[in-house]
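# Structural description and commentary
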Amino acid sequence: MAKQVSPRGPVELLTTDREKVTADWIDTVAGSLQGRISRAEVDRELRELYGALVEGLREGGDDTRGESLSEARALLTELSRNRARQGFTPSETAISVLALKQALEPALRNDSADDTTAYLRLARVLDDLALFTVEAYTRTREEIISSQAAQLMELSTPVVKLWNGVIAVPLVGTLDSARTQVVMEKLLQALVDTGSEQAIIDITGVPAVDTQVAQHLLKTVVAARLMGAECTVSGIRPQIAQTIVALGIEFGDIITKATLADALQHALRASGVDLVAHQGVGR
Amino acid sequence: MSERVPVLRIGDILLVSIQVDLEDQTVLDLQEDLADQIVARSARGVIIDITAVEIVDSFVGRMLATIASISRLLDAETVVVGMRPAVAITLVELGLSLGGVRTALDLEKGLALLRRSATGAELQ
């Protein structure tokens, strides 16, 4: 290279062959994403990032957590969030930064000590930024997971009214402490709101009952009883009955029924309702 | 001097509605008043309304059980009414299931419960 300027730092290294470096970079990244994001989009994202990176390095050196690179960091956060939402892997996200190192390697060919030092300094900055992307990626993923968990929690615990004074909670899915807590609170609140004296917890949709789940159910039943309502557990499948006995769980004086229909019948009888089948209606 | 919780009479049923924060001395006074009143009025039922109680501890939990035991000795049945969900959960977490205390959702249902058990007793 003829136009050797001294001293060459990371900024010069990046800007000397600007067009070629960015083109190489974009090629590598677009290649790794296998067409799942359009080339034009990658092009736009990376050029913006490139600009912010050069600007940041020129202003404030290589402190990746510093003020000068905040623009680059914001762009990277945005990029990582998008990648995480679209279902890319963490490596596919980090490569967006790391591929720049690869694109800069040709600049090292002329064996200049300055270039090597500059490259190493830049490599450190890029490594940091790559870590930053992975962090942002993970954070987004965690946000997605926790919002899904909250949605699931909301969706899966409806309290339904079966009759005047009889309410039921059909439980679906695995029970854990947090969910049982929500179920318990909703059920008890519904008892107050509807003035119901009979509650049914239906566990037909619960795949497995272990000691902890049983413990939670017992607590709910006792709490309902403290408030002056009777609570029946229904929908115990044969395998689950076997497991409960094998685990040695005592349900004590809590009423359990095999099906929701049996539980409803029991609840109606306890609240003084008689069901009479009309004559002539064949069943 | 802590204030005393009033004991009201409806027929042969005594009604205690707890509206204040329960201090230990208030609870002890209440137990004493209630025992006196059950004997003086020959009451056969006691209703403790805790609709307004938002915070309980193990002491209050034990108070309910104690009052129930005292009343039973004096041949009166105790019904605790209007327990809030949060209070019920707390008591369960504290391991207090208040065995021997009858409960009802609200005052009306509590009265109905006492009336039912009275007619049941007469029939026997």
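This text follows the structure it describes.
The rules behind the values
- One numbering rule holds for all chains: residues counted from 1, following each sequence as written.
- Ligands are numbered from 1 and chains lettered from A, in the order in which they are written.
- Where local features are concerned, this predicted model is filtered to residues with pLDDT of at least 70; where side-chain atom pairs are given and counted, the filter is 80 or more; whole-chain, interface and lining totals use all residues.
- Hydrogens and water are ignored here; the side-chain numbers use all heavy atoms of the structure.
- Counting from the N terminus, the helices are DSSP H or I runs at least four residues long and the strands are E runs at least two residues long.
- Radius of gyration here uses only the C-alpha atoms, and the compact-globule reference equals 2.2 Å multiplied by the residue count raised to the power 0.38.
- The buried label applies to any residue whose accessible area, calculated with a 1.4 Å probe on protein chains only, is under 20% of its type's maximum; exposed applies above 50%, and partly exposed to all values in between.
- All accessibility values rest on the Shrake-Rupley procedure with a 1.4 Å probe; residue burial counts only the protein chains present in the view.
- Residues counted as positive are Lys and Arg, residues counted as negative are Asp and Glu, and His and the chain ends are not counted.
- Where a charge lies is defined by one atom per residue type: Lys uses NZ, Arg uses CZ, Asp uses CG and Glu uses CD.
- Two rings belonging to Phe, Tyr or Trp (six-membered ring only in the last case) form a pair when the distance between their centres is within 6.5 Å. Interplanar angles under 30 degrees mark stacking, angles over 60 mark edge-to-face geometry, and anything in between is tilted.
- Residues with no salt bridge and a relative accessible area higher than 30% make up the patches, which join like charges within 9 Å and nonpolar side chains (Val, Leu, Ile, Met, Phe, Trp, Tyr) within 5 Å.
- What counts as a salt bridge is simple: a side-chain nitrogen of Lys or Arg found within 4 Å of a carboxyl oxygen of Asp or Glu.
- Pairing between strands is defined by DSSP: at least two bridges between the two strands are required.
- Structural elements are reduced to axes, namely lines fitted to C-alpha atoms, with helices fitted over the stretch in contact, and the angle between N-to-C directions of any two is expressed from 0 to 180 degrees.
- Should any heavy atoms of two residues lie within 4.5 Å, those residues are considered in contact.
- Buried area is a sum: the accessible area each of two parts loses on coming together, probed at 1.4 Å, counted once for each and added.
- In the analysis that follows, any N or O atom pair within 3.5 Å is treated as a polar contact, provided that within protein one partner can donate a hydrogen and the other can accept it, and provided that, for residues neighboring in sequence, both atoms belong to side chains.
- Residues are grouped as follows: Ala, Val, Leu, Ile, Met, Phe, Trp, Tyr, Cys and Pro are nonpolar; Asp, Glu, Lys and Arg are charged; every other residue, Gly included, is polar.
- By convention a crossover is right-handed if, when the strands point away from the viewer, the path from the first strand over the helix to the second runs clockwise.

## Remarks on the overall build of chain B
Looking only at helices and strands, one finds 4 helices and 5 strands in chain B. Counted from the first residue to the last, chain B has its helices and strands arranged as β-β-α-β-α-β-α-β-α. Whereas a compact globule of 124 residues would reach a radius of gyration of roughly 14 Å, chain B reaches 14 Å, a difference of no more than 12%. With respect to the principal axes defined by its C-alpha atoms, chain B has extents near 40 × 30 × 25 Å. Looking at the 124 residues of chain B, the share that counts as buried comes to 46%. By element, 51% of the accessible surface of chain B is carried by carbon and sulfur atoms, the whole surface being about 6600 Å². Taking the average location of the 11 positive side-chain charges in chain B and that of its 18 negative ones, the two points are 8 Å from each other.

## Concerning the packing of aromatic side chains
Residues and elements named next belong to chain A. On inspection of all chains with the given rule, the structure shows 1 aromatic pair over all chains. Here Trp25 and Tyr50 contribute two aromatic rings whose centre-to-centre distance is 6.2 Å and whose plane-to-plane angle is 50°, an arrangement assigned as tilted. In this pair, Trp25 is assigned in helix α2 (residues 18–32) and Tyr50 in helix α3 (residues 39–60), connecting sequence segments 25 residues apart. Relative accessible area serves as the criterion here: at 1%, Trp25 is assigned to the buried category.

## Concerning a negative patch on the surface
All names here are of chain B. A grouping of Glu3, Asp21, Glu23, Asp24 and Asp57 is seen on the molecular surface, where their side chains present a negatively charged patch. Mapped onto the fold, Asp57 is located in the loop between β3 (45–49) and α2 (58–73). Residue Asp57 is classed as partly exposed on the basis of its relative accessible area, which comes to 38%.

## Digging into the sheet that holds strand β1 (residues 7–10) of chain B
Residue and element names in this part refer to chain B. Pairing in this open sheet of 5 strands is mixed, and the strands run β1-β2-β3-β4-β5 from one edge to the other. Of all the strands in the sheet, just β1 and β5 (102–104) have a single pairing partner and so form its edges. Taking each pair of neighbouring strands and ignoring which way they run, the sheet shows an average axis angle of 25°. Of the pairings in the sheet, the one linking β1 to strand β2 (residues 13–17) comprises 4 bridges and is antiparallel in character. Bridge pairing links Ile10 to Ile13 in β2. Strands in contact with helix α1 (residues 24–40) are β1, β2 and β3; relative to β2, the strand with the most contacts, it is inclined by about 165°.

## Notes on the interface of chain B and chain A
Counting residues at the interface gives 15 residues for chain B, matched by 17 residues for chain A. Across the interface of chain B and chain A, roughly 1400 Å² is buried in total on both sides, 70% from carbon and sulfur atoms. In this assembly, chain B and chain A are joined by 1 salt bridge. Note that B:Glu93 is salt-bridged to A:Lys219, the shortest N-O span being 3.3 Å. One can count 5 residue pairs in polar contact (both at pLDDT 80 or more) joining chain B with chain A. For the side of chain B that touches chain A, the elements supplying multiple residues, two or more each, are α3 (85–93) and β5 of chain B. Here the residues of the side of chain B that touches chain A sort into 10 nonpolar, 2 polar and 3 charged.

## Describing the side chain of B:Asp49
Residue and element names in this part refer to chain B. Topologically, Asp49 is positioned in strand β3. For the buried residue Asp49, which engages in no salt bridge, the nearest side chain bearing the opposite charge is Arg84, 8.9 Å off. Polar contacts involving the side chain of Asp49 include one to the side chain of Ser17, which spans 3.1 Å. Excluding anything up to four places from it in sequence, Asp49 contacts Leu15, Val16, Ser17, Ile18 and Val81.

## Some thoughts on the pairing of β3(B)
It is a general feature of regular strands that their side chains alternate between the two faces of the sheet. Residue and element names in this part refer to chain B. Across the 5 residues of β3, 5 count as buried, placing the element largely inside the fold. Here β3 shows two buried faces, one formed by Gly45, Ile47 and Asp49 and the other by Val46 and Ile48. Relative to β3, β2 runs parallel, the two being bridged by 5 bridges. Considered in β3, the bridge of Val16 is made with Ile48. Assessed by its sense of winding, the connection that carries the chain from β2 through α1 to β3 is right-handed. Direction of pairing for β3 relative to strand β4 (residues 77–81): parallel, over a ladder of 5 bridges. Looking across to β4, one finds that Gly45 is bridged to Glu77. For the handedness criterion, the β-α-β arrangement of β3, α2 and β4 is classed as right-handed.

## Description of the sheet that holds strand β5 (residues 255–256) of chain A
All names here are of chain A. With respect to topology, 5 strands assemble into an open sheet ordered β1-β2-β3-β4-β5, the strand pairing being mixed. What marks the edges here is a single partner per strand, and that holds for β1 (160–163) and β5. Bridge analysis of strand β4 (residues 230–234) against β5 gives 2 bridges, and the strand direction is parallel. When the bridges of β5 are listed, Val233 appears paired with Thr256.

## Remarks on the environment of A:Leu46
All names here are of chain A. Tracing the backbone shows Leu46 in helix α3. Note on Leu46: relative accessible area 0%, which makes it buried. Considered as a pair, Leu46 and Thr22 are 24 residues apart in the sequence and their alpha carbons are 7.9 Å apart. With residues near it in sequence (within four places) discarded, Leu46 still touches Trp25, Ile26, Val29 and Ser96.

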